[in-house]
Number of protein chains: 2
Amino acid sequence: MRYVVGIDLGGTNIVVGTVAEDGSELHGLVSEPTMPEQGSAAVVARIVKLARASLAEARGKTVAGVGIGSPGPLDTARGLVLLTPNLGWTNFPLRDRITEALGLPATLDNDANCAIFGEWWRGAARGAEHVVGLTIGTGIGGGIVLHGEIYHGTSDIAGEIGHMTIDSTGRRCKCGNYGCLEAYASGPAIAARAVEGVEAGAETSLPDYVRGDLRQITAQVVYEAAHDGDEYAREVVHDTAKVLGAGVANIINIFNPQVVVICGGVTLAGDQLFVPLRSEVKRRAFKPAANACRIVPGELTGTAGVYGAAAVFMRRTWGRP
Amino acid sequence: MRYVVGIDLGGTNIVVGTVAEDGSELHGLVSEPTMPEQGSAAVVARIVKLARASLAEARGKTVAGVGIGSPGPLDTARGLVLLTPNLGWTNFPLRDRITEALGLPATLDNDANCAIFGEWWRGAARGAEHVVGLTIGTGIGGGIVLHGEIYHGTSDIAGEIGHMTIDSTGRRCKCGNYGCLEAYASGPAIAARAVEGVEAGAETSLPDYVRGDLRQITAQVVYEAAHDGDEYAREVVHDTAKVLGAGVANIINIFNPQVVVICGGVTLAGDQLFVPLRSEVKRRAFKPAANACRIVPGELTGTAGVYGAAAVFMRRTWGRP
């Protein structure tokens, strides 16, 4: 059995683990904050330290290489991070830096692609031929797996599903466009919509969750209040489901996939999100396409990106999984 | 040199031609109205008559088979038309009926897929690896060609790009959804939006083009008036461009294709459509994805579906083009 180190580099956290080639084992799962403000050298040093810690727990095993998942846009063939606003990098040779430091061959792919490929390999979309996934957190990323392969597009930037316009005259998005899915359903967008309502006088217990400091309302606080029965928080979750439903219906009409997998903190909202989401999709999508598709939360919470990054290395090096 | 009959079956017209395997020749291009109200047997008889007329003009040549493009949804493997509201058919074995009548093997694929595959093979998207196309007429169809292959999805119904929601609380679409691209930018939708404005008192010469009978305003009448300098008609075309721009930006963000090709009557509007369309895309899409993509009108006016249907037969039978 061979093993591959999977690295999931995010704007907030780095997660690393060592994965068996059949996906049956995950050793040395370790994590630290990214702290991008310390610069690229410090972030690379932190990644390398975590990889060594993970490798130490996999001692005695044959480790063949390293798969890296990173925010993009990337040049996957040359192993470059072309630009990441979150990390502040430009044309950064991340793959080669990691290879030099660890003495192992490495591959680089987009973080959302890796997460969805991980869910395809070992998670909620296992065995499906065509999968489209969303990773919902600070932003909304997308990953597209067609015929069991990550679809990259012409210049490695396919899958920006979070920046699909669903309301052409709607909310301004950080990307400059109006009415993107991300402008309504990312974590910060859910929180912002909730706060807007509170400020407009909605009857809700939300302020009690943050001692009256509305800036501290996060999407997670909204889910918590919704779970506790707060009607207004439930409405915010419900509106999120409707907006996501329009986006997922688009995905289903365009891709006719077997599975749409939704990953990230938003899945904490559970059935309060997924029940109205599925019914909104039913209302909007073509019936045969909707019937052919399962809409499910990701199963590999916190590790999808690690599994997927390792799987990308394996696929490119060995042709499988 | 071998030849293949390409059949483009539409709700309004049937177009048939005989295509050389290298795409360099098209013989016996013939067409007749579909007249679906006469029933499936009459339509099949008309297709067969047209195919024989086309074959007669290709006399002496080796004809290997027939490619059929049809409205869907289809079961391409079994050669069935599962359902077409336009033709009124259910589970109709179109492929085998044609094979029996002509004594030639046949393949079946979706009409929009065929048109875009035709443009990929011999038209505006020649040589591109990833192409997404729209066919804009009575409805808006979509075709997706990835890695030079038509993408069909899980159950042959991928590519319903016309039913992408771009305004989640917008105009009702015939499909039951709200705010679909088709509800704004199909031929009848363009005409309907124009008429609404006239009825609301817009200053325009449009009624003069139809002797005051507003029911006769078609999209083509709108383009004509726009060409002639009617400000209101120009505004309707411009609004169409903006709406299409939102849809095309979504396609570019999702697929990162090399080419988006736009086929159908709407291309008659020329630069009055394409100039604002491209600038709307620039405003909305991710810059590197937009820069990587050409947005072009189809080149095979009236024959894209014939070329593409024949090419589908060739690909499935000979592995190319």
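Everything here concerns the structure above.
Just so we're clear, the structure is a prediction, and the values are computed from it rather than from any experiment. (Residues numbered from 1 in each chain as written. Chains lettered and ligands numbered in written order. Predicted model: local features only at pLDDT ≥ 70, side-chain atom pairs only at ≥ 80, totals over all residues. Heavy atoms only, no water.)

### A closer look at the packing of helix 1 (residues 40-57) of chain A against helix 2 (residues 94-102) of chain A
Residue and element names in this part refer to chain A.
Turning to step 1, where the next piece is worked out: One way to put it is that helix 1 packs onto helix 2 with a least axis distance of 10 Å and a crossing angle of 50°. Judged by the inter-axis angle, helix 1 sits oblique to helix 2. For helix 1 against helix 2, the interelement crossing comes out right-handed. Judged by residue contacts, V44, I47, V48, A51 and R52 of helix 1 engage L94, R97, I98, A101 and L102 from helix 2.
Turning to step 2, where the next piece is worked out: Here the contact of helix 1 with helix 2 is composed, by residue class, of 8 nonpolar, no polar and 2 charged. (Axes fitted to C-alpha atoms, helices over the stretch in contact; angles between N-to-C directions. Helix = DSSP H or I, 4+ residues; strand = E, 2+ residues; numbered from the N terminus. Parallel < 35°, antiparallel > 145°, perpendicular 65-115°, else oblique. Left-handed = near helix turned anticlockwise from the far one by under 90°. Contact = heavy atoms within 4.5 Å. Nonpolar A, V, L, I, M, F, W, Y, C, P; charged D, E, K, R; others polar.)

### Topic: the pairing of strand 1 (residues 2-9) of chain A
All names here are of chain A.
Turning to step 1, where the next piece is worked out: For strand 1, a buried count of 7 out of 8 residues is recorded, marking the element as mostly surrounded by other parts of the structure.
Turning to step 2, where the next piece is worked out: As paired elements, strand 1 and strand 4 (residues 62-70) share 7 bridges and run parallel to each other. Across the sheet, residue Y3 finds its bridge partner in strand 4, namely V63.
Turning to step 3, where the next piece is worked out: Relative to strand 2 (residues 13-20), strand 1 runs antiparallel, the two sharing 7 bridges. Residue D8 lies in a different strand from strand 2, and its bridge partner there is V15. (Buried < 20%, exposed > 50% of the residue type's maximum accessible area, 1.4 Å probe, protein only. Pairing = 2+ DSSP bridges.)

### Things to note about the environment of B:Q220
Turning to step 1, where the next piece is worked out: Take B:Q220: it is sitting in helix 7 (residues 219-227).
Turning to step 2, where the next piece is worked out: For B:Q220 and B:G265, which are 45 residues apart along the polypeptide, the C-alpha to C-alpha distance reads 7.5 Å.

### Remarks on the packing of aromatic side chains
Turning to step 1, where the next piece is worked out: Considering all chains together, one arrives at 11 aromatic pairs over all chains under this definition.
Turning to step 2, where the next piece is worked out: Taken together, the aromatic side chains of A:Y151, A:F255, B:Y151 and B:F255 make up a single cluster linked through ring pairs.
Turning to step 3, where the next piece is worked out: Lying across the ring of B:W318, B:R2 places its NZ or CZ 3.8 Å from the centre. (Phe/Tyr/Trp six-rings, centres within 6.5 Å; stacked < 30°, edge-to-face > 60°. Lys NZ or Arg CZ within 6 Å of the ring centre and 35° of its normal.)

### Digging into the sheet that holds strand 1 (residues 2-9) of chain B
Residue and element names in this part refer to chain B.
Turning to step 1, where the next piece is worked out: Read from one edge of the open sheet, 5 strands run 3-2-1-4-8, paired in mixed fashion. This sheet does not close on itself; its edge strands, each paired only once, are strand 3 (26-33) and strand 8 (106-110). Recorded for the sheet is a direction-independent mean angle of 15° between the axes of neighbouring strands.
Turning to step 2, where the next piece is worked out: With respect to the sheet, helix 2 (residues 94-102) is in contact with strand 1, strand 4 (62-70) and strand 8, its orientation differing from that of strand 4 by roughly 150°.
Turning to step 3, where the next piece is worked out: Contacts from helix 11 (residues 304-318) reach strand 1, strand 2 (13-20), strand 3, strand 4 and strand 8, with the element oriented near 130° to strand 1.

### Description of the interface of chain A and chain B
Turning to step 1, where the next piece is worked out: Counting from both sides, the interface comprises 39 residues of chain A and, opposite them, 39 residues of chain B.
Turning to step 2, where the next piece is worked out: Both sides together, the interface formed by chain A and chain B hides about 3300 Å², and carbon and sulfur atoms give 53% of it.
Turning to step 3, where the next piece is worked out: The largest share of the area that chain A buries against chain B comes from A:Y151, A:I254 and A:R284, three residues that together contribute 20% of it.
Turning to step 4, where the next piece is worked out: Along the contact surface separating chain A from chain B lie 0 salt bridges.
Turning to step 5, where the next piece is worked out: At the boundary of chain A with chain B, the tally comes to 32 residue pairs in polar contact (both at pLDDT 80 or more).
Turning to step 6, where the next piece is worked out: Mapped by element, the contributors of at least two residues to the side of chain A that touches chain B are strand 10 (140-146), helix 8 (231-255), helix 9 (271-284) and helix 10 (287-291) of chain A.
Turning to step 7, where the next piece is worked out: Per-element accounting of the side of chain A that touches chain B gives the leading share, 5 residues, to helix 8 of chain A.
Turning to step 8, where the next piece is worked out: A breakdown of the residues in the side of chain A that touches chain B according to their chemical character gives 18 nonpolar, 16 polar and 5 charged. (Buried area = accessible area lost by both parts, 1.4 Å probe. Salt bridge = Lys/Arg side-chain N within 4 Å of Asp/Glu carboxyl O. Polar contact = N/O pair within 3.5 Å; in protein donor to acceptor, adjacent residues only side chain to side chain.)

### A few points about the relation of the copies chain A and chain B
One chain copy maps onto the other through a rotation about an axis and a shift parallel to that axis.
Turning to step 1, where the next piece is worked out: With an RMSD of 0.0 Å, the fit of chain A onto chain B corresponds to turning through 180° and sliding 0.0 Å along the axis. A rotation of that kind, with that shift, is consistent with a two-fold axis.
Turning to step 2, where the next piece is worked out: Interface overlap between copies is the fraction of interface residues in one copy that are interface residues in the other; for chain A against chain B it reaches 100%, indicating a shared surface. (Least-squares fit on C-alpha atoms with pLDDT ≥ 70 in both.)

### Some thoughts on the environment of A:G65
Residues and elements named next belong to chain A.
Turning to step 1, where the next piece is worked out: Relative to the helices and strands, G65 resides in strand 4.
Turning to step 2, where the next piece is worked out: Sequence-wise, G65 and A112 are 47 residues apart; in three dimensions their C-alpha atoms are separated by 20 Å.
Turning to step 3, where the next piece is worked out: Setting aside its immediate chain neighbours within four residues, G65 contacts Y3, V4, V5, L104, P105 and F313.

### Description of the nonpolar core
Turning to step 1, where the next piece is worked out: Residues A:F255 and B:F255 are the most contacted members of the largest nonpolar core, which totals 115 residues.
Turning to step 2, where the next piece is worked out: A:F255 has contacts with A:V132, A:I144, A:L146, B:Y151, B:G153, B:A158, B:I254 and B:F255, leaving out every residue within four places of it along the chain. (Core = buried A, V, L, I, M, F, W, Y, C linked by side-chain atoms within 4.5 Å.)

### Points about the side chain of B:E280
Residue and element names in this part refer to chain B.
Turning to step 1, where the next piece is worked out: Following the sequence through the fold, E280 ends up in helix 9 (residues 271-284).
Turning to step 2, where the next piece is worked out: Residue classification places E280 among the buried residues on the basis of a relative accessible area of 4%.
Turning to step 3, where the next piece is worked out: Those residues in contact with E280 that lie beyond four places of it in its chain are A241, K242, G245 and A246.

### Focus on the sheet that holds strand 1 of chain A
Residue and element names in this part refer to chain A.
Turning to step 1, where the next piece is worked out: Reading across the sheet, the 5 strands line up as 3-2-1-4-8 and stay open at both edges, with mixed pairing between neighbours. Both edges of this open sheet fall to strand 3 (26-33) and strand 8 (106-110), since each of them pairs with a single strand only. Sheet twist, expressed as the mean angle between neighbouring strand axes with direction ignored, is 15°.
Turning to step 2, where the next piece is worked out: Across the face of the sheet, helix 11 (residues 304-318) comes into contact with strand 1, strand 2, strand 3, strand 4 and strand 8 while running at roughly 130° to strand 1.

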